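Each chain is listed here by its residues.
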Amino acid sequence: GKVRAPTHIISTISDDRGEEPCYGGVPMSSIVEQGYGVGDVISLLWFKRSLPRYCTHFIEICIMLCADHGPCVSGAHNTIVTARAGKDLVSSLVSGLLTIGPRFGGAIDDAARYFKDAYDRNLTPYEFVESMKKKGIRVPGIGHRIKRADNRDKRVELLQSFARTHFPSVKYMEYAEQVETYTLSKANNLVLNVDGAIGSLFLDLLAGSGMFTKQEIDEIIEIGYLNGLFVLARSIGLIGHTFDQKRLKQPLYRHPWEDVLYTK
Ligand code: ACO
Ligand code: LMR
């Protein structure tokens, strides 16, 4: 009989062996002919299923809203400095991407984890926030450097308004809003930020779409798929910043002495 050579890689999301590549079993021609968008491609390659239109639309809105936030944020700053050091596109891009983490853009998974755990355990916002404080952990998804109660993040409002209209349930989002109401009673900058909005709303998407088992939702949250949305989105902006600096022929960046406190 046939002897099967042992394989070193197992792959389940795409296949390039036929006449055309397939994403999650869907041939490229169907993807193009049926007018699939980036949200559909993410559904197939990340979530391994076709999601309803409101879900793929939501994913696309997340990507568009997080594509850029100006030159002053950590990621863009690193990218700009790297591009001005004469480095290539990939180096400039990854230099910016490397800043994405628990403080900047990469709090989505933790926001989803902590909001889900608190909601599922019926903790009041007070109990949740105060228990985090006791543990010395900042609430992921809460707080912003420039956004305030009187200068809310428009991106958060847009995501929430889309979800209120299209999602069957927004229970996690409402919980996150209640947490925000409590944190805002403590300090004016403790708004629900875009990471927290996406984290809580993705919980609603996963739970409300009927497309995922409870076990699959737990796995998605445990592995941490959701920061991928910010990484993917912000790559668009970081690539733009690289081109911008090159187009403007900007010289090597050196930070001004006056802006450094030299001390012993
Ligand atoms: N939970 C609880 N308390 C907080 C939080 C939070 N998430 N954020 C700030 N505070 C409180 C703390 O008391 C803090 O004092 P501490 O330094 O003694 O802990 C005080 O507010 C002031 O905090 P700052 O450090 O001045 O706030 P800053 O403006 O530097 O931080 C940041 C902004 C980094 C976003 C912060 O709020 C935070 O860590 N949030 C959680 C992580 C997060 O959600 N990041 C994503 C931001 S959105 C984005 O990047 C796209
Ligand atoms: C962003 O999207 O980069 C921001 O929310 C972070 C910031 O400081 O503006």
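All of the points below concern the structure found in this document. Given the structure is predicted, the values throughout are model-derived calculations rather than measurements.

1. Let's talk about the packing of aromatic side chains
Overall, the coordinates contain 14 aromatic pairs when judged by the stated rule. When the ring of Phe47 is compared with that of Phe202, the centres are 5.8 Å apart and the planes differ by 20 degrees; the resulting orientation is stacked. On the criterion of sequence distance, the pair formed by Phe47 in the loop between helix H2 (38-46) and helix H3 (53-65) and Phe202 in helix H10 (residues 194-208) is long-range, its members being 155 residues apart. Taken individually, Phe47 and Phe202 each receive the classification buried, so the pair is uniform in this respect. A ring pair is formed by Tyr119 and Tyr175, whose centres lie 5.8 Å apart and whose planes are at 80 degrees; its orientation type is edge-to-face. With a gap of 56 residues between them, Tyr119 in helix H6 (residues 108-120) and Tyr175 in helix H9 (residues 171-186) connect regions that are remote in the sequence. Residue Tyr175 is classed as buried on the basis of its relative accessible area, which comes to 5%. Through a chain of ring-to-ring contacts, the aromatic side chains of Phe47, Tyr54, Phe58, Phe162, Phe167, Phe202, Phe212 and Tyr225 assemble into a single cluster.

2. So, the site of ligand 1
Among the 18 residues in the neighbourhood of ligand 1, the closest are listed as Gly105, Arg138, Val139, Gly141 and Ile142. One nitrogen or oxygen atom from the main chain of Arg103 is found 3.0 Å from a nitrogen atom belonging to ligand 1. Protein chains bury 66% of the 910 Å² of accessible surface belonging to ligand 1 in isolation. Per-class residue counts for the shell around ligand 1 are 9 nonpolar, 5 polar and 4 charged.

Rules of the game
- Residue numbers run consecutively from 1 along every chain, following the written order of its sequence.
- For naming, the first written chain is A and the first written ligand is 1, with later ones following in the order written.
- Whole-chain, interface and lining totals are the exception, using all residues; otherwise, since this is a predicted model, local features are given only for residues with pLDDT of at least 70 and side-chain atom pairs are given and counted only at 80 or more.
- Only hydrogens and water are set aside; all other atoms, that is, all heavy atoms of the structure, feed into the side-chain values.
- Ring geometry is summarised as follows: Phe, Tyr and Trp rings, the Trp one being its six-membered ring, pair when their centres sit within 6.5 Å, and such pairs are stacked at plane angles under 30 degrees, edge-to-face over 60 and tilted between the two.
- Strands here mean DSSP runs of E at least two residues long; helices mean DSSP runs of H or I at least four residues long; both are numbered from the N terminus.
- A simple rule labels every residue: compare its accessible area, found with a 1.4 Å probe on the protein chains alone, to the largest value its type can have, and call it buried under 20%, exposed over 50%, or partly exposed in between.
- Put simply, a residue is near a molecule or strand once any heavy atom of it comes within 4 Å of that molecule or strand.
- We call two N or O atoms a polar contact when they sit within 3.5 Å, provided that within protein one can donate a hydrogen and the other can accept it, with sequence-adjacent residues counted only if both atoms are side-chain atoms.
- Note on areas: Shrake-Rupley with a 1.4 Å probe; residue coverage comes only from the protein chains shown.
- Gly is put with the polar residues, along with every residue not named as nonpolar or charged; the nonpolar set is Ala, Val, Leu, Ile, Met, Phe, Trp, Tyr, Cys and Pro, and the charged set is Asp, Glu, Lys and Arg.

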